[in-house]
Amino acid sequence: MNVTLVPFNELFQSYIRYESIDVGTSELCSIASEFNFLLAPSRHIQVILASLLADRQWVRSYIELNRLRLTQQYKRVKLELESIGARVRESHAGFFIWADFRVFMREVTFDEENSLLDHLFECGVFVMRGYNFGCSQPGWFRLVFTGKDSLVTEGLKRIKTALSQFANI
């Protein structure tokens, strides 16, 4: 496990980003450490982060609140996609949804999947097609649902429009 603390200052605002990366092997860990060119955060930032992490009640409530928000957003996006006829793979973890858009495709092929991907992109939607992740069945797309609510809402609106257009081409 590799843990990185990154202070980020933009327009005189301080942010703390806490990342952990499970690299799996010592070789990958060695390679990853070569990319670590950031300086350690200031002592002040370290003290603030240490006090936050030492407050177990705050950490528990933070995790619980974020789990609740993720669950609510997942359910909202899943319902929206299902309401237009897409099938959504049930999930219990992650920051993305697997959606089956085969119902909008004229033929179920990877070429047609790629055409749908191009159309979605032309409509201002960036998603990943299942082919890129080794899906054996065309028509599956991976959508991230953890952005700002307004961005997710706009993305869903664009997806609905794009899928409706594509199905009627």
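The structure displayed is predicted, hence computed values, not measured ones.

1. Points about a nonpolar patch on the surface
And then number 1: A cluster of nonpolar side chains, Trp58, Tyr62 and Ile63, forms an exposed patch at the surface whose accessible area comes to about 290 Å².
And then number 2: The class for isoleucine 63 is partly exposed, based on a relative accessible area of 38%.

2. Some details on the side chain of glutamate 113
And then number 1: Relative to the assigned elements, glutamate 113 resides in helix H4 (residues 110-122).
And then number 2: A residue is classified by how much of its surface remains accessible, and glutamate 113, at 0% relative accessible area, is buried.

3. A closer look at the confidence of the model for the chain
And then number 1: Overall, the prediction assigns the chain a mean pLDDT of 83, with 78% of residues at 70 or greater.
And then number 2: Predicted confidence for residues 1-15 stays below pLDDT 50, and this span has 25 contacts to residues more than four positions away or in other chains.

4. Some words on H4
And then number 1: For H4, built from 13 residues, the straight-helix expectation of 18 Å at 1.5 Å per residue is met to within 8% by its first-to-last C-alpha distance of 18 Å.
And then number 2: Among the residues of H4, Glu112, Glu113, Leu116, Leu117, His119 and Leu120 are the ones counted as buried. Looking straight down H4, one finds its buried side chains confined to an arc of 165°; they lie on one side. Those residues of H4 that are exposed and aimed more than 90 degrees away from the buried face are Asp111, Phe121 and Glu122.

5. Let's talk about the packing of aromatic side chains
And then number 1: Applying the stated criterion to the full structure yields eight aromatic pairs.
And then number 2: Ring-pair connections join several aromatic residues into one group, and the members of that group are Phe96, Trp98 and Phe133.
And then number 3: Looking at arginine 106, its charged tip hangs above the ring of phenylalanine 166, at a distance of 4.6 Å from the centre.
And then number 4: Here arginine 142 stacks its cationic end above the ring of phenylalanine 96, 4.2 Å away from the centre of that ring.

6. Let's talk about helix H3 (residues 56-83)
Every α-helix carries 3.6 residues per turn, so stepping three or four residues along brings you back to the same face.
And then number 1: With 28 residues, H3 should reach 40 Å at 1.5 Å per residue; the first-to-last C-alpha distance of 40 Å fits that figure.
And then number 2: Turning to H3, its buried residues are Gln73, Tyr74, Val77, Lys78 and Leu81.
And then number 3: Residues of H3 that are buried make contact with strand E3 (87-88), strand E4 (96-100), strand E6 (140-144) and helix H5 (149-167).
And then number 4: Looking one or two places after H3, you find glycine 85, whose phi comes out positive at around 105°.

7. Here we look at the pattern of salt bridges
Opposite charge on two side chains lets them pair, provided their charged atoms get close.
And then number 1: A complete count under the given rule lists 10 salt bridges for this structure.
And then number 2: The closest approach of N and O atoms between arginine 102 and aspartate 100, which form a salt bridge, is 2.5 Å.
And then number 3: Judged by relative accessible area, which is 21%, arginine 102 ranks as partly exposed.
And then number 4: A salt bridge links glutamate 112 to arginine 106; the nearest nitrogen and oxygen atoms lie 3.3 Å apart.
And then number 5: By relative accessible area, arginine 106 is classed as partly exposed at 47%.

8. Focus on the packing of H3 against H5
And then number 1: Where H3 meets H5, the closest approach of the two axes is 11 Å, and the angle between their N-to-C directions is 15°. By the criterion of interaxial angle, the relationship of H3 to H5 is roughly parallel. The crossing of H3 and H5 is right-handed. Across the interface between the two elements, Gln73, Arg76, Val77, Glu80 and Leu81 from H3 touch Asp149, Val152, Thr153, Leu156, Ile159 and Lys160 from H5.
And then number 2: Residues belonging to the contact of H3 with H5 are distributed by class as follows: five nonpolar, two polar and four charged.

Parameters at a glance
Per chain, residue numbering runs from 1 following the sequence as it is written. The predicted origin of the model limits local features to residues at a pLDDT of at least 70 and limits the giving and counting of side-chain atom pairs to 80 or more, whereas totals for whole chains, interfaces and linings rest on all residues. Water and hydrogen atoms play no part in the side-chain values, which are based on all heavy atoms of the structure. Patches draw on residues past 30% relative accessible area with no salt bridge. Two like charges within 9 Å are joined, as are two nonpolar side chains (Val, Leu, Ile, Met, Phe, Trp, Tyr) within 5 Å. Surface accessibility in these figures is a Shrake-Rupley result with a 1.4 Å probe; residues are shielded only by whichever protein chains are displayed. Only one rule defines a salt bridge in this text: a Lys or Arg side-chain nitrogen within 4 Å of an Asp or Glu carboxyl oxygen. Only protein chains enter the accessibility calculation, which uses a 1.4 Å probe; a residue is then buried when its area is under 20% of its type maximum, exposed when over 50%, and partly exposed in between. What counts as a helix is a DSSP run of H or I of at least four residues, what counts as a strand is a run of E of at least two, and both are numbered from the N terminus. The pLDDT value tells you how sure the predictor is about a given residue, anywhere from 0 up to 100. Pairs of residues are marked as contacts when any of their non-hydrogen atoms sit within 4.5 Å. Any helix carries an expected span of 1.5 Å times its number of residues minus one. Working note: the arc is built from the helix axis to C-beta atom directions. Two aromatic rings, drawn from Phe, Tyr or Trp (for Trp, its six-membered ring), form a pair once their centres lie within 6.5 Å of each other, and the interplanar angle then sorts them: stacked below 30 degrees, edge-to-face above 60, tilted otherwise. Put simply, a charge is over a ring when the Lys NZ or the Arg CZ is close to the ring centre, within 6 Å, and near the line of the ring normal, within 35 degrees. A fitted line through C-alpha atoms serves as each axis, taken over the contacting stretch for helices, and the angle formed by two N-to-C directions is quoted from 0 to 180°. Each angle gets one of four labels, with under 35 degrees taken as roughly parallel, over 145 as roughly antiparallel, 65 to 115 as roughly perpendicular, and the rest as oblique. In this scheme, a crossing is called left-handed if the near helix is turned counterclockwise away from the far one by less than a right angle; it is called right-handed if the turn is clockwise. Under the scheme applied here, ten amino acids are nonpolar (Ala, Val, Leu, Ile, Met, Phe, Trp, Tyr, Cys and Pro), four are charged (Asp, Glu, Lys and Arg), and all others, including Gly, are polar.

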